[in-house]
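Chain and residue survey
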Amino acid sequence: MKQLRLKVLAGLFAVAGVLSWGGARLWEAFGTLPSVPLAAPIVLAVIAVVLTATALSLRSRLRAQRERRPDAKGVEPLMAARAVVFGQASALVAALVSGMYGGTGVFLLGSLDIPARRDQAIYAGFSVLAGFAVIAAAIFLERVCKLPEDDDEAPTRA
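Residues numbered from 1 in each chain as written. Predicted model: local features only at pLDDT ≥ 70, side-chain atom pairs only at ≥ 80, totals over all residues. Heavy atoms only, no water.

Section: the pattern of salt bridges
Tallied over the full model, the rule gives 2 salt bridges. In this structure, Glu28 engages Arg117 in a salt bridge whose closest nitrogen and oxygen atoms are separated by 2.9 Å. Taken together, the residues span a long stretch of sequence, with Glu28 in helix H1 (residues 6-30) and Arg117 in helix H4 (residues 115-144) at a distance of 89 residues. Among the salt bridges present, the one from Arg143 reaches Glu142, with a minimum N-O distance of 2.8 Å. Overall, the relative accessible area of 43% leaves Arg143 in the partly exposed class. (Salt bridge = Lys/Arg side-chain N within 4 Å of Asp/Glu carboxyl O. Helix = DSSP H or I, 4+ residues; strand = E, 2+ residues; numbered from the N terminus. Buried < 20%, exposed > 50% of the residue type's maximum accessible area, 1.4 Å probe, protein only.)

A short note on the environment of Leu12
The topology assignment puts Leu12 in helix H1. For Leu12, a relative accessible area of 26% gives the class partly exposed. Remark: the alpha-carbon pair of Leu12 and Gln88, spanning 76 residues in sequence, is separated by 13 Å. Apart from the residues within four sequence positions on either side, Leu12 is in contact with Leu92, Ala95 and Leu96. (Contact = heavy atoms within 4.5 Å.)

What about the nonpolar core?
Ranked by size, the top nonpolar core spans 22 residues in total, and within it Leu51, Leu58, Ala91, Val134, Ile135, Leu141 and Cys145 carry the most contacts. Elements that contribute at least two residues to this core include exactly helix H2 (39-66), helix H3 (77-108) and H4. By residue number, the principal contributor to this core is H4, which donates 7 residues. In contact with Ala91, not counting residues within four places along its chain, are Leu4, Leu9, Val134, Ile135 and Ala138. (Core = buried A, V, L, I, M, F, W, Y, C linked by side-chain atoms within 4.5 Å.)

Some thoughts on H2
With 28 residues, H2 should reach 40 Å at 1.5 Å per residue; the first-to-last C-alpha distance of 40 Å fits that figure. Along H2, the positions that sit buried rather than exposed are Ala40, Pro41, Leu44, Ala48, Leu51, Ala55, Leu58, Arg61 and Ala64. Two residues or fewer past H2, Arg68 is found with a positive phi of approximately 55°. (Expected span 1.5 Å × (residues − 1).)

Shown next, in the form of structure tokens:
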């Protein structure tokens, strides 16, 4: 399984932001811009909390397993792999969603004098921050589940 790359996440964020900004300008020219839901930053924050809790739980269980504690509850490799896949998928989606709300928020910065637009810009800003929290939690989970490096060299055939 390959690790998350910050360049890929930043690229997704930037492309989604530019497309969203352009889409918001186009949409505004033809009608009213759809609102940024209040639930967006809340849902992203909940996902970040779930990822962080999973990472902390796995980290303590892996530490107990490494220290060979008698009451240590082992970690199934498939469970750790599923957690990493969940984290990676969440980070990719969070990069796209954060970019989308970031582009919309940048568009809304031009009309902060209107109270409804100001609220939408705030929701968009919090969505971007919560998306970054999801990405950070996913990277933390990935680092927790990473296998230790093998210091032994592979045996060579003579």
